[in-house]
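If you want the building blocks of each chain, they are given just below.
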Amino acid sequence: MRFEIMRLDDVDGTAVDSTVVDAASVNRIVQQAAAVGQRIYIRPADTSAS
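In this report, the structure presented in the accompanying data block is examined. Remember, predicted model here, so these are calculated numbers, not experimental data.

Moving on, we come to the side chain of serine 25. Mapped onto the secondary structure, serine 25 falls in helix α1 (residues 23–36). There is a polar contact of 2.7 Å between the side chain of serine 25 and the side chain of aspartate 22.

In this fold, valine 36 is placed in helix α1. Accessibility expressed as a relative area gives 64% for valine 36, which makes it exposed.

Glancing now at the side chain of glutamate 4. Summarising the element assignment, glutamate 4 is placed in strand β1 (residues 2–8). For glutamate 4, a relative accessible area of 15% puts it in the buried group. Within the structure, the side chain of glutamate 4 is placed 3.3 Å from the side chain of serine 18, a separation counted as a polar contact.

Turning to α1, a few remarks are in order. Among the residues of α1, those classed as buried are Ser25, Val26, Ile29 and Ala33. Taken around the axis of α1, the buried residues stretch over an arc of 110°, which confines them to a single face. Across from the buried face of α1, at angles greater than 90 degrees, the exposed residues are Ala24, Asn27, Ala34 and Ala35. Turning to α1, the residues buried within the fold contact β1, β2 (15–22) and β3 (40–44). Glycine 37 lies just past α1 and shows a positive phi near 75°.

Let us look at the pattern of salt bridges. Evaluation of the coordinates by the stated rule reveals 2 salt bridges. Arginine 43 is the salt-bridge partner of glutamate 4, the closest N and O atoms lying 2.8 Å from each other. You can see glutamate 4 sitting in strand β1 and its partner arginine 43 sitting in strand β3, a full 39 residues away along the chain. Looking at arginine 43, the relative accessible area reads 36%, which means it is partly exposed. A salt bridge links arginine 7 to aspartate 17; the shortest N-O distance between them is 2.9 Å. With arginine 7 in strand β1 and aspartate 17 in strand β2, this residue pair connects regions lying 10 residues apart in the sequence. A relative accessible area of 31% places arginine 7 in the partly exposed class. Accessibility expressed as a relative area gives 37% for aspartate 17, which makes it partly exposed.

Each value, and the rule that gives it
Counting restarts for each chain: residues are numbered from 1 in the order of the written sequence. Two thresholds apply to this predicted model, a pLDDT of at least 70 for residue-level local features and 80 or more for giving and counting side-chain atom pairs, whereas whole-chain, interface and lining totals are computed over all residues. Only hydrogens and water are set aside when side-chain values are computed; all heavy atoms of the structure are taken into account. Numbering goes from the N terminus for both helices and strands, where a helix is a DSSP run of H or I of at least four residues and a strand is a run of E of at least two. Whenever two N or O atoms come within 3.5 Å, that pair is a polar contact, provided that in protein one can donate a hydrogen and the other can accept it, and provided that, for residues adjacent in sequence, both atoms are side-chain atoms. Using a 1.4 Å probe on the protein chains alone, a residue whose accessible area is under 20% of its type maximum counts as buried, one over 50% counts as exposed, and one in between counts as partly exposed. It is the directions from the helix axis to the C-beta atoms that the arc portrays. Contacts are residue-level and defined by heavy atoms, with any inter-residue pair within 4.5 Å sufficient. One speaks of a salt bridge when a side-chain nitrogen belonging to Lys or Arg is within 4 Å of a carboxyl oxygen belonging to Asp or Glu.

So far we have only geometry, and geometry alone does not tell us how the molecule works.
Printed below as a string of C-alpha cells:
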C-alpha cells in the first residue's frame, strides 16, 4: 500500500509539499518528522495515480 505524506506549514497548517511512499517508508518519515517537530499529514495514496 502507498501513502501520501504532506508536510504542513507551521503557521496555518496548509500543505507545503507532498510525497507518495510505500508503507515500509512511513515509519521512518514519521520518526524524522517527530525528531524535528515537523507537522505532517498522512493519508492513503490514490491508487489510480500509481
